[in-house]
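Structural characterization, general
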Amino acid sequence: MNIGFLASHGGSNMQAIIDAAKKGKLHARPVVVISNNADSTALERARSEGIPGFYLSGKTHPDPDSLDQAILDTLLACNVDIVVLAGYMKKLGPGTLSRFTGRILNIHPALLPKHGGKGMYGIHVHESVIADGEKESGVTIHLVTEEYDRGPIIAQVRVPVEPGDTPEMLAQRVLIQEHILYPATLEGIATGEINLDNFKK
Ligand code: GRF
């Protein structure tokens, strides 16, 4: 199973997946990293891991259709089976979405369908969880569709919200679980324990 990553910033989830593959805990090969941010740590990580990295953005491809095509071509050229969004802040274009339907995963740092959708990214997610007085938050891995954070849910894990939590404290507790759940879910897909075809809309 060849994994292609799209990441905009730190790529700590991507690193957790790469590490799991290196340790033999994940039977998959990270084959490419695409970022819309030329200076992202994700691309730096790709370089130091010897994984081909590509900067593809609205700057390199001002026309959205040509950006979509460039992303799709890169994934196909690298024989990607599963596309893993790991903190990717852009929407994928229709070409990539339709060619990889049911094969694109995203991770969200809360229990979808709550605290998802437009504007719900980064620290805003955890602010929303705390503002709503939730007793628990968590991690969701879902298939990517045209609508933000609305694709079929593949895996979830719960994380308690502790009294006095700041959004940053909660984010840290959730991120630890993200780094466990993403590689484990991908291993489930690699071994066939999780069949993505069962989750198609
Ligand atoms: C994670 O919290 C993930 O849930 C969200 O973006 C963040 C990415 O973090 N989609 P990192 O780049 O993997 O460190």
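See above for the structure.
Structure report, in brief. (Residues numbered from 1 in each chain as written. Predicted model: local features only at pLDDT ≥ 70, side-chain atom pairs only at ≥ 80, totals over all residues. Heavy atoms only, no water.)

Quick notes on the overall build of the protein chain
On a plain count of helices and strands, the protein chain comes out with 6 helices and 7 strands. Mapped in sequence order, the helices and strands of the protein chain form the string β-α-β-α-β-α-β-α-β-α-β-β-α. Here the C-alpha atoms of the protein chain give a radius of gyration of 16 Å, agreeing with the 17 Å that 2.2 N^0.38 yields for 201 residues. When the backbone C-alpha atoms are referred to their principal axes, the protein chain occupies close to 50 × 40 × 35 Å. Among the 201 residues that make up the protein chain, the fraction classed as buried is 50%. Counted over contacts in the protein chain with a minimum sequence separation of 6, partners at least 24 positions apart contribute 65%. (Helix = DSSP H or I, 4+ residues; strand = E, 2+ residues; numbered from the N terminus. Rg over C-alpha atoms; globule rule 2.2 N^0.38 Å. Buried < 20%, exposed > 50% of the residue type's maximum accessible area, 1.4 Å probe, protein only. Contact = heavy atoms within 4.5 Å.)

Regarding the side chain of His142
The residue His142 is located in strand β6 (residues 136-143) in this model. Non-local contacts of His142, meaning those with residues more than four positions away in its chain, are made with Ile104, Leu105, Asn106, Leu112, Asp149, Arg150, Gly151, Pro152, Ile153 and Ile154.

Here's the deal with the site of the ligand
Every residue lining the ligand is accounted for by Gly10, Gly11, Ser12, Asn13, Gly87, Ile107, His108, Pro109 and Glu178. In this structure, an oxygen atom belonging to the ligand sits 2.7 Å away from a main-chain N or O atom of Gly11. Within the backbone of Asn13, one N or O atom sits 2.8 Å away from an oxygen atom of the ligand. Notes on the ligand: free accessible area 360 Å², of which the protein chains cover 78%. Using a 2 Å cut-off from the grid points, one finds that the ligand occupies the largest pocket. Contributions of two or more residues to the shell around the ligand are made by α1 (12-22) and β5 (104-108). The residue inventory of the shell around the ligand, partitioned by class, reads 2 nonpolar, 6 polar and 1 charged. (Near = heavy atom within 4 Å. Polar contact = N/O pair within 3.5 Å; in protein donor to acceptor, adjacent residues only side chain to side chain. Areas by Shrake-Rupley, 256 points an atom, 1.4 Å probe, with all protein chains shown as cover. 1 Å grid on protein atoms, 1.4 Å probe; cavity = no way out; pocket = protein on both sides within 12 Å on 5 of 7 lines; lining within 4 Å. Sits in = over half its atoms within 2 Å of the grid points. Nonpolar A, V, L, I, M, F, W, Y, C, P; charged D, E, K, R; others polar.)

Observations concerning the layout of surface pockets
Looking at the largest pocket, its volume works out to about 970 Å³. Forming the walls of the largest pocket are 38 residues, and the residues nearest its centre are Gly87, Tyr88, Met89, Ile107 and Tyr121. Elements that contribute at least two residues to the lining of the largest pocket include exactly α1, β5, α5 (123-131) and α6 (167-191). Taken together, the residues of the lining of the largest pocket sort by class into 15 nonpolar, 15 polar and 8 charged. Contributing to the lining of the second largest pocket are 13 residues, with Thr101, Gly102, Val144, Thr145 and Glu146 lying nearest its centre. Ranked by the residues each element gives to the lining of the second largest pocket, the list is headed by helix α4 (residues 94-99), at 3 residues. Split into classes, the residues belonging to the lining of the second largest pocket amount to 6 nonpolar, 4 polar and 3 charged. (Points joined across faces, edges and corners; volume = space filled by probe spheres on them.)

Quick look at the pairing of strand β1 (residues 2-6)
Judged by how many residues are buried, β1 sits mostly within the fold: 5 of 5 residues are covered. By the alternation rule, side chains of β1 split into Asn2, Gly4 and Leu6 and Ile3 and Phe5, which are all buried. With 5 bridges connecting them, β1 and strand β2 (residues 29-35) associate as parallel partners. Pairing of Leu6 across the sheet is with Ile34, part of β2. In this region the chain leaves β1, passes through α1 and returns to the parallel neighbour β2; the handedness of that crossover is right-handed. As paired elements, β1 and strand β4 (residues 82-85) share 4 bridges and run parallel to each other. Each bridged residue has a counterpart across the sheet, and for Ile3 the counterpart in β4 is Ile82. (Pairing = 2+ DSSP bridges. Right-handed = clockwise from strand over helix to strand, strands pointing away.)

Describing the nonpolar core
With 38 residues, the main nonpolar core has Leu105 and Leu186 as its most contacted residues. Per element, the largest residue contribution to this core is 6 residues, and it comes from α6. By size, the runner-up hydrophobic cluster in this structure holds 20 residues, among which are Leu72, Leu92, Leu97 and Ile104. (Core = buried A, V, L, I, M, F, W, Y, C linked by side-chain atoms within 4.5 Å.)

Overview of the pairing of β2
Of all 7 residues making up β2, 5 are buried, and the element is well covered by its neighbours. Pairing geometry for β2 and strand β3 (residues 53-55), over 3 bridges, is parallel. Residue pairing across strands places Ile34 opposite Phe54, the latter belonging to β3. For the handedness criterion, the β-α-β arrangement of β2, helix α2 (residues 41-49) and β3 is classed as right-handed.

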